[in-house]
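# Report on the structure
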Amino acid sequence: MATFLHRVAHWAFRRRRTVVLVWVAVLAAVFLGAVNSSEAPEDSASLPGIESQQAFDLLDERFPGTEADGAEARVVFVAEDGQQVTSTANRAAVDTLVDEVADGPQVAEATSPFDGRAVSEDASTAYATITYRTTADDLTEASKEALTEAVKRARDAGLTVEVGGSALETEPAQGIGEVLGILVAAVVLLITFGSLAAAGLPLLTAVLGVGISLATITALGSALGFSSTVGELAMMLGLAVGIDYSLFVVSRYREERAKGHQAQEAAALAVGTAGSAVVFAGLTVVIALLGLSVVGVPTLTKMGVGSAGTVLVGVLIALTAVPALLGFWPDAVLPRRDREGRRRTRSRRPGRRFGRNRNWSRKVTTPAGTARTPWGVRWARFVTRRPVAVLLLTVVGLGALAVPSLNLRMGMPGAESKPTTTTERRAYDALADGFGPGFNGPLTVVVDVKGADDPAAAVTGVSDRLADTEGIVSVSPPHFNEAKDTAVVSAVPSTGPASERTQDLVRTIRDERPAIESATGAEFQVTGTTALNIDVGQKMQDALVPYLAVVVGLAFLLLMVVFRSILVPVKAALGFLLSVGAALGAIVTVFQEGHGAGFFGVEETGPIMSTMPIFLVGIVFGLAMDYQVFLVSRIREAHIHGEQPGQAVVTGFRHSAQVVGAAALIMMAVFGGFMTGGESMVKMVGFGLASAVFFDAFVVRMAFVPAVLTLLGKRAWWLPGRLDRLLPSVDVEGEALTRRAPAPNDASGDDDRRKSVTV
C-alpha cells in the first residue's frame, strides 16, 4: 500500500497541472449535472415492517384519492379573556375562515369546530381541521397563501388564531454552522501550522471535496432518491474528514521536509505513510456509513450511501490533489523560520553577498538539546508512568457520564419541541390548555371490517372497547370509506404524546387486540404519532445489535490487517463503546432531563430522536477509527523500528498528538456549529457528534489508548503465526519506504536546521 501510494504521489507532484485540471473538470461536470437535474425528493417517512406503516398503507389502499400522510392544518381559535368562541361575533369570524378556506385550491375538506366536538368545555378554545388532497411537500404557494390570508382576517376580528399541522409548517431558522466550522478550523490550522498556506490548503481541498460531493448528490437526487437531508449530512462529514485527511498529509510532508528530503520525495513519503492511514481510516468510516443499510430504514440507507461517497472523495483528494498543490508551492506550507532559512541559504550561494545573513542559522534554529518538549510527549510520559491510575480514572469517568443513557427514552420530537415563537408551538400549547395534554397526540385506529358480518356493529364494538380502556378520554365517531369495509377512529389519551404513560397505553391496546378482534369480528391496527414513535424506537432497538455486529466485525478485521494485532482492535472497540456511551449520556442529560438545556438553546426537553442512537453509533465509530489509525499507526511504526513499547508510545505521541488534537477540534467545531440552527433535532445531532468526538479524541485516544498499550507492552502486537501468514501485508507505517527512500538532500544543507522543532 505505502509503495503504491508513494508512486501515486510522485506522479501527482510531477503532473500537478493535470491533476488540478482533472479535479476542476470533475467539479464543473457534476455542477452542470446538478444545475440540470430534477428537484430532489423530500425525505420519505416510509418505514417498512412496522404496524404504523402497515396502517398507513391500508388507508392509502382503502381510501383512494386521499393520502394517509396528506397535509393537514389545525386552525386553533382562542377567545380573549372572559369571552367565548361561541359568541356571535367570534362564531361569525370562525365560520368565515372555514368557508374561505374550503373553496381554496387542493382542499379536500374543511371542518368547522361547530359541526363536531371541537369546542372546549369552557368555550374558550376551538379548532377547525383543514385536510388537503396532497402532501405538505406538494402544496402550492397559492394554497398556503389562501390559508394565511384567511388567518390574518380572523385575527383582525379579535381572535387569537394559531395554525398547527403540516400545511404551514415553518422552516427552522438556519444557523451559521458551516461558516462557523470553517472559521474555527482556519484558526486551529493557523495555530497548529503557523503558516497561512498550510492552514489554507486543507480548507481548500475540503471545500473542493464537499462541492463535488454535494453537486453529485444533487445531480443524482431524483434518480437515487437523495433528499436535502442527505446533502446536509454529507456536507457536515465532508468538511470534517476532508480537512482532517489533508491535515495529516500536510503535517507529514512538513515532517519529511524537516528531515531534509526534497519537496517531491517528501510529498511522496507523506502520502505513502500518512496517506496509507488516510485510506484505512476512510474505509472504516465508509464501512460504518454503509452499515446503516442493515437497519432497514430507507432514509438512513440513503444518508449512509451519500455520506460514504463524500468520504471517498475526501480520501482521493487527499491522495492526489494535496501532493499536486504542494508541487505548486513546496515551501509555502513550511514554518516561517524554515522558509526564511531557505531564502537566506539561497542568498549565500557563490556570487551572492552574505551581508548580515551570514549567521542566520544561529538565530532561527532551536538546538536539539534545548528544544522545548512538545505537550504530547510530556503527556505520553505522564501516562506511561501511571498507566493503571489513568486507565481507572478514564473508565470510571466515562462510565459515570454514560449512566444517564440507561434512562434513554426514544421518540420523535414534534411541535412541543419547537420554539415558542412559531405558530405550531403556540397552537400545540393552546390545544393542550383547552382540551387536555393528550389531544395533541391522538391514536389513529384503522378498523378493517372486510370479513365482518355486520361492519357497522363491528366498528362500534371496537370503539366501545377503546373508550372503556383506562387512559382514553374520548373516541371520535367512525369515518367509513365508500366501500364501507374500513373505518378510522381517533382515540384521545389523557396524557401527552411524549409521555411514558401514553406509550404504555398503546402497548396495552395492542396486547388486548386478540380479545377485541375475537369479540367483534373486526381487525384493527393502531397508528398515529405516538404509535409511530413506539414502532420506530423498537425497530431501531432491534436493529442496533445486528448493526454493531456488522460494523464492528468488519472494522475489527480491517484494523487487524492494519496493525497485525488482535488486542489492538479489541482495545479500539472497547474505547469506542466508552466514548459513545458517554456521548449518549450527555445527550440524555441535556435534551431529555434538561440539565444545561438553556445554555445550548434547547427550549423544550423530551424523548431522544429514535434514530439518534444508531446514527450516533454509525458516524462516531467511523470517526473514532480515524484517530485510532492515525495515532496507533505512528506508535506501531516506532515499535517495529526497534523502540520499546513505552518509548514507542511517547514517540507516537510526539509525531501525532498535536495533529490529532487539532483534527478533533476541527471536527468538534464543524459539528458544534450545527447547534446554531433553530431545529431541535439538528441541535441534538450536532451536540451528540461534537461530544462523542471530544470524549473519543481527548479522553479515549489520549488517555485510555496509551495506558492500555503501556500495560500490554509487547503483547499488544501479538498475532498468531498462522494468522500472520494468512493476512495480507499492507505496510501502513511505510517500512518499505524507509528502506528504499533516498538520502535526504535538502536545499539548505544545514545540519542544525534538521534539528529544529517543527509541528
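What you see is a predicted model; the values in this text were computed from it and never measured.

## Brief notes about the environment of threonine 373
Structurally, threonine 373 can be placed in the loop between helix H13 (360-364) and helix H14 (375-385). With relative accessibility at 28%, the residue threonine 373 sits in the partly exposed group.

## Overview of the pattern of salt bridges
All chains considered together, the criterion is met by 20 salt bridges. Notably, a salt bridge pairs arginine 513 with glutamate 51, separated by 2.7 Å at the nearest N-O pair. Placement of the pair is arginine 513 in helix H19 (residues 513-520) and glutamate 51 in helix H3 (residues 51-62), with a sequence separation of 462 residues. Residue arginine 513 shares its accessibility class with glutamate 51, and that shared class is buried. Linking glutamate 100 and arginine 153 is a salt bridge whose minimum nitrogen-to-oxygen distance equals 3.1 Å. With glutamate 100 in helix H4 (residues 88-102) and arginine 153 in helix H5 (residues 141-156), the pair connects residues that are 53 residues apart, well separated along the chain. What makes arginine 153 partly exposed here is its relative accessible area of 45%. Each of Arg252, Glu255, Glu256, Lys259, Arg634 and Glu637 takes part in salt bridges that share partners, so that together they form one network.

## Describing the sheet that holds strand E1 (residues 72-78)
With antiparallel pairing, the 4 strands of this open sheet are ordered in space as E2-E3-E1-E4. At either margin of the open sheet sits one strand with a lone partner, and together these are strand E2 (107-111) and strand E4 (160-165). Mean inter-strand twist for the sheet, computed between neighbouring axes without regard to direction, equals 20°. Pairing between E1 and strand E3 (residues 125-132): 7 bridges, direction antiparallel. The partner of alanine 73 across the bridge, within E3, is isoleucine 130. Sheet contacts for H4: E1, E2 and E3; angle to E2, the most-contacted strand, approximately 170°.

## Here we look at unusual backbone geometry
One non-glycine residue, glutamine 106, lies in positive phi territory at about 65°. Secondary-structure assignment places glutamine 106 in the loop between H4 and E2. In this structure, lysine 484 takes a positive phi of about 60° despite not being glycine. Within the secondary structure layout, lysine 484 lies in the loop between strand E8 (479-480) and strand E9 (486-493).

## Side note on the confidence of the model for the protein chain
Taken as a whole, the protein chain shows an average pLDDT of 81; of its residues, 87% reach a score of 70 or greater. Per-element mean pLDDT across the protein chain ranges from 36 in H13 up to 94 in helix H15 (residues 387-402). With pLDDT under 50 throughout, residues 351-370 is counted as low confidence; its partners more than four residues away or in other chains account for 24 contacts. Scored below 50 in pLDDT, residues 746-759 makes 39 contacts in the model with residues more than four places away or belonging to other chains.

## Let's talk about the pairing of strand E10 (residues 523-527)
Burial within E10 is extensive, with 4 of its 5 residues counted as buried. In this sheet, E10 lies alongside strand E6 (residues 443-448) in antiparallel orientation, the contact comprising 5 bridges. Paired with threonine 444 across the strands is threonine 527, a residue of E10.

## Quick notes on a nonpolar patch on the surface
Taken together, the side chains of Val294, Val550, Leu554 and Leu557 define a hydrophobic patch exposed on the protein surface, amounting to about 300 Å² of accessible area. Along the chain, the position of leucine 554 falls in helix H20 (residues 529-563). The class of leucine 554 is partly exposed, set by a relative accessible area of 44%.

## Quick notes on the nonpolar core
Grouped together as the largest cluster of nonpolar side chains are 155 residues, with contacts concentrated most on Tyr245, Tyr253, Ile587, Leu616, Phe671 and Leu689. Setting aside its immediate chain neighbours within four residues, phenylalanine 671 contacts Met236, Leu237, Ala240, Leu623, Gly686, Leu689, Ala690 and Val693. Among the nonpolar cores identified, the runner-up in size contains 27 residues, and Val75, Ala126, Ala154 and Val161 belong to it.

## Description of the packing of aromatic side chains
Inspection of the entire model under this criterion finds 11 aromatic pairs. When the centroid spacing of 4.7 Å and the interplanar angle of 20° are considered together, the rings of phenylalanine 435 and phenylalanine 439 count as stacked. Taking relative accessible area as the criterion, phenylalanine 439 reaches 10% and is therefore assigned buried. Joined through ring pairs, the aromatic side chains of Tyr127, Phe435 and Phe439 make up one cluster.

Here is what the cut-offs are and how they apply
Residues numbered from 1 in each chain as written. Predicted model: local features only at pLDDT ≥ 70, side-chain atom pairs only at ≥ 80, totals over all residues. Heavy atoms only, no water. Helix = DSSP H or I, 4+ residues; strand = E, 2+ residues; numbered from the N terminus. Buried < 20%, exposed > 50% of the residue type's maximum accessible area, 1.4 Å probe, protein only. Salt bridge = Lys/Arg side-chain N within 4 Å of Asp/Glu carboxyl O. Pairing = 2+ DSSP bridges. Axes fitted to C-alpha atoms, helices over the stretch in contact; angles between N-to-C directions. Contact = heavy atoms within 4.5 Å. pLDDT = per-residue confidence, 0-100. Patch = residues over 30% accessible without salt bridge, like charges linked within 9 Å, V, L, I, M, F, W, Y side chains within 5 Å. Areas by Shrake-Rupley, 256 points an atom, 1.4 Å probe, with all protein chains shown as cover. Core = buried A, V, L, I, M, F, W, Y, C linked by side-chain atoms within 4.5 Å. Phe/Tyr/Trp six-rings, centres within 6.5 Å; stacked < 30°, edge-to-face > 60°.

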